[in-house]
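Structure at a glance
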Amino acid sequence: MNETHGKDKNMSCDINPPTLGSYGATGYKHISLNSYKLVACPPKLSPRRRIKLARAVAFSTIFFSVLIFLFSGCSHFNKDCDTVYQVATIDSLLNACYDGSVDMRTIKSQGDTGIGTFNQLDGEMIVLDGEIYKIKEDGTISVVADSETTPFCAVTFFKSDKKLELQPGMKFSQLSPALLGSLNYFYAIKITGKFKSVKARSVPMQAKPYPMLVDVVKAQPVFNLEDIEGTAVGFFSPAYVKGINVPGFHLHFISSDLKRGGHILDFEIEKAEMQTDETHGFMMVLPEDETFQHLDLTKDKEKELNKVEK
Ligand SMILES: [Zn+2]
């Protein structure tokens, strides 16, 4: 017997090579993974010490597993893992599901770039460089509190895969999926630079009973911004997500001075660079409220979507 290992006088097994330190009062301290080697049999521990040891082993296993997960190159479930995180569906929004179901703190943990709207349809959302902005009914912008909620949004951690200079004079309608890669992936998009013009809109906050979105946008405020620097942010989504998201391009605009913006109806480029992030993962969380539970989502809303988005 080389050591008595703290208070445990009943341990009788040799340890080879000798431990680097004592077990201490808890019976499990100072175990070196490289040098600790039992030669004969495990030490005879009292039931209380066995429970303590088992707890320590379980704790260590969980602790080191979490560490490995955090530092394994995919430091967050979504971060840098090319995943779009979406709240609810575009059809639920078209069907007047405007009650927020996920807060901004959660949205920030799932992405630093994206678009959406807020509880009660209170303005357009733009997420840029990890900050969430609200473009209000009058086109002005404010930073959003973490406690605010969203009934619909999509975000991702933006990692630029491709950059290209857009042609001066290019209109929003000329933005082609051919510039991206495949029609079958999601692409997060950032277009930064100077715009000759941006036609944008926002939506006014709604009260219950909520009107359908197609009726809300009939009176939407539209802003014609000219010679403005800023960033268009959003997604290209594949055709097969119809009903879930907006197939094609869906972009929101925010000016460089963070003072103007909105959902883009049209733009004309003066000088701008487009960055794209091809995204292979898609995660959606659905509202748990009664409204969503009883919603009829069987109808094709494509015509309404075109009226709402364009
Ligand atoms: Zn929008």
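Residues numbered from 1 in each chain as written. Predicted model: local features only at pLDDT ≥ 70, side-chain atom pairs only at ≥ 80, totals over all residues.

1. Quick word on the pairing of strand E11 (residues 222-237)
In this structure, strand E10 (residues 186-201) lies alongside E11, joined through 14 bridges in antiparallel fashion. Along E11, the bridge assignment pairs Ile189 with Gly234. Where E11 lies against strand E12 (residues 248-255), eight bridges are found, and the strand directions are antiparallel. Each bridged residue has a counterpart across the sheet, and for Gly230 the counterpart in E12 is Ser255. (Pairing = 2+ DSSP bridges. Helix = DSSP H or I, 4+ residues; strand = E, 2+ residues; numbered from the N terminus.)

2. Digging into the sheet that holds strand E8 (residues 153-156)
Sheet strands pair via backbone hydrogen bonds, and the direction of the pair is either parallel or antiparallel. The mixed open sheet is built from seven strands, whose spatial order is E6-E5-E4-E3-E8-E1-E14. Two strands in the sheet have a free side with no partner beyond their single neighbour: strand E6 (141-143) and strand E14 (281-285). Geometrically, the sheet is characterised by an average inter-axis angle of 20 degrees between neighbouring strands, direction not taken into account. Pairing between strand E3 (residues 113-117) and strand E4 (residues 124-128): four bridges, direction antiparallel. Looking across to E4, one finds that Ile115 is bridged to Ile126. (Axes fitted to C-alpha atoms, helices over the stretch in contact; angles between N-to-C directions.)

3. Focus: unusual backbone geometry
The peptide bond linking Lys208 to Pro209 adopts the cis configuration, its omega dihedral lying at 0 degrees. By the secondary structure assignment, Pro209 is in the loop between E10 and helix H4 (213-216). Phi angles above zero are rare outside glycine, and Ala88 is one such case at about 60 degrees. Secondary-structure assignment places Ala88 in the loop between strand E1 (83-87) and helix H2 (90-94). According to the C-beta neighbour criterion, Ala88 is buried, with 24 such atoms within 10 Å. The phi dihedral of Leu258 falls on the positive side, at around 60 degrees, and the residue is not glycine. Its place among the elements puts Leu258 in the loop between E12 and strand E13 (261-279). Residue Leu258 is classed as partly exposed on the basis of its 16 C-beta neighbours within 10 Å. (Buried ≥ 20, exposed ≤ 12 C-beta atoms within 10 Å, placed from the backbone.)

4. Let's talk about the confidence of the model for the protein chain
Summarising the model, the protein chain shows a mean pLDDT of 84, and 77% of its residues fall at 70 or more. Low confidence marks residues 1-41, where pLDDT is under 50. Its contacts with residues over four positions away, or in another chain, come to 56 contacts. Confidence over residues 66-76 falls short of pLDDT 50; this stretch has three contacts with residues more than four positions distant or in other chains. (pLDDT = per-residue confidence, 0-100. Contact = placed C-beta atoms within 7 Å.)

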